[in-house]
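An overview of the molecular structure
Residues per chain are reported as follows:
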Amino acid sequence: MIIDCHGHYTTAPKALETWRNRQIAGIGDPSARPKVSELKISDDELRESIETNQLRLMKERGSDLTIFSPRASFMAHHIGDFEVSSTWAAICNELCFRVSELFPDHFIGAAMLPQSPGVDVASCIPEIERCVNAYGFVGINLNPDPSGGHWNSPPLSDRHWYPLYEKMVELDIPAMVHVSTSCNACFHTTGAHYLTPTPRPSCSASRRTCSPTFPRCASSFRTAAARCPTTGAAFAGWRRR
Ligand SMILES: [Zn+2]
């Protein structure tokens, strides 16, 4: 079986983006934010968006299963507060779950986290548990920079992130280290932010000499696994056991 461990729902029906734009517009006025129930996407729309895109390409290229997560650039954890991010993450994860239900032989989910700058990462745990226990997801996407290009969170070897690592070990799931869009003009989203900062934290964490706290981190989480996308030959991934 050929498994693509890095697939995103980049072709979600337009209604998703429209709802998100309304949510962002309502950040200054919570009463103006759309309700979750106002987003209506039918199973037929989901099927059409998958059959003509990801599934068609999978068949053309001979892959069998895609680990499928919400569109990374749409995560945009820097927008709004935790409530905004948690609502958005729940919606996006549910869509990926619905796709996995419609195409159970070809897609299985990985969760977007409801991260928010300056918020304790433990706040993401309920969504992780929901996605793994109720949706059958097999991983999470961990954004090392929820600020969107300002890199002001602690390094991934810091105890700041330990609550997520503890939950990963408990649930036996890996994380894909994956940034979202950049709001820093110094880092073009796909031209720079995706390609360079994504492997940076993992490379530093994988070299003990570069991170004095990593030996403690690695010894504490001997079964935690991480994967770094969009790095090509520079860095395919690391796994610590
Ligand atoms: Zn990606």
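Residues numbered from 1 in each chain as written. Predicted model: local features only at pLDDT ≥ 70, side-chain atom pairs only at ≥ 80, totals over all residues.

**Let's talk about the overall build of the protein chain**
Here is the rule we go by: Numbering of helices and strands runs from the N terminus, with a helix taken as a DSSP run of H or I at least four residues long and a strand as a DSSP run of E at least two residues long. Working definition of burial: number of other C-beta atoms within 10 Å of the residue's own, with buried at 20 or more, exposed at 12 or fewer, and partly exposed in between, all C-beta atoms being placed from the backbone. Contact definition: two residues whose C-beta atoms, as placed from backbone geometry, lie within 7 Å.
When helices and strands are counted, the protein chain shows ten helices and eight strands. Buried positions account for 41% of the 241 residues belonging to the protein chain. Pairs at least 24 apart in sequence give 76% of the contacts found in the protein chain among residues at least 6 apart.

**A word on helix H7 (residues 162-171)**
Cut-off, in case you're wondering: Here the arc refers to the set of directions running from the helix axis out to each C-beta atom.
Of the positions making up H7, those classed as buried are Leu 164, Tyr 165, Lys 167 and Met 168. Each buried residue of H7 lies within a common arc of 160° when the element is viewed along its axis, so the set occupies one face. Buried residues in H7 make contact with helix H6 (125-134), strand E5 (140-142) and strand E6 (175-177). One or two steps after H7, the chain reaches Asp 172, where phi turns positive at roughly 60°.

**A look at the confidence of the model for the protein chain**
Spelled out, the test is: Residue-level confidence of the predictor, termed pLDDT, takes values from 0 up to 100.
Summary statistics for the protein chain give a mean pLDDT of 87 and a share of 82% for residues scoring 70 or more. Of the regions scoring below 50 in pLDDT, residues 207-215 engages in eleven contacts with residues more than four places distant in sequence or in other chains. Of the regions scoring below 50 in pLDDT, residues 232-241 engages in 16 contacts with residues more than four places distant in sequence or in other chains.

**Topic: the nonpolar core**
Note the cut-off: Note on definitions: a nonpolar core is a set of buried residues drawn from Ala, Val, Leu, Ile, Met, Phe, Trp, Tyr and Cys, linked by C-beta atoms within 7 Å.
One finds Phe 68, Val 99 and Ala 111 to be the most contacted residues of the largest nonpolar core, which totals 44 residues. With residues up to four places along the chain from it excluded, the contact list for Phe 68 reads Gly 7, Tyr 9, Cys 96, Val 99, Ser 100, Phe 107, Ile 108, Gly 109 and Ala 110.

**Here we look at helix H1 (residues 14-25)**
Put simply, the rule is: Between the first and last residue of a helix there are one fewer steps than residues, each counted as 1.5 Å, and that sum is the expected span.
Between its first and last C-alpha, H1 extends 17 Å over twelve residues, near the 16 Å set by a 1.5 Å rise per residue. Contact partners of the buried residues in H1: helix H4 (72-75) and helix H5 (82-102).

**Points about unusual backbone geometry**
Of note, Trp 151 is a non-glycine position whose phi angle comes to about 50°, a positive value. Owing to 16 C-beta atoms within 10 Å, Trp 151 belongs among the partly exposed residues under this scheme. Look at Asp 172: it is not a glycine, yet its phi comes out positive at around 60°. If you trace the backbone, Asp 172 turns up in the loop between H7 and E6.

**Focus: the environment of Leu 46**
With respect to the element layout, Leu 46 can be found in helix H2 (residues 43-51). Considering only alpha carbons, one finds Leu 46 and Thr 11, 35 residues apart in sequence, at a separation of 9.2 Å.

**So, the packing of H2 against H5**
Here is the rule we go by: Each axis is a line fitted through C-alpha atoms, and for a helix only the stretch in contact is used; angles between axes span 0 to 180 degrees, taken between their N-to-C directions. By definition in this entry, angles of less than 35 degrees are roughly parallel, angles greater than 145 are roughly antiparallel, angles of 65 to 115 are roughly perpendicular, and the rest are oblique. Asp, Glu, Lys and Arg are counted as charged, while Ala, Val, Leu, Ile, Met, Phe, Trp, Tyr, Cys and Pro are counted as nonpolar; the rest, among them Gly, fall into the polar class.
Here H2 crosses H5 at 80°, and the two axes come no closer than 10 Å. Comparing the axis directions of H2 and H5 gives the class roughly perpendicular. Residues Asp 43, Leu 46, Arg 47 and Ile 50 of H2 lie in contact with H5, whose contacting residues are Arg 98, Val 99 and Leu 102. A per-class count over the contact of H2 with H5 returns four nonpolar, no polar and three charged.

**Looking at the pairing of strand E2 (residues 65-70)**
Heads up, the condition is: At least two bridges found by DSSP between two strands is the condition for calling them paired.
Among the six residues that make up E2, five are buried, leaving the element largely enclosed by the rest of the structure. In the sheet, strand E1 (residues 3-9) pairs with E2 via five bridges, with the strands oriented parallel. Bridging across to E2, Tyr 9 finds its partner in Pro 70. Relative to strand E3 (residues 107-109), E2 is paired through three bridges, and the arrangement is parallel. Its bridge partner lying in E3, Phe 68 is registered against Gly 109.

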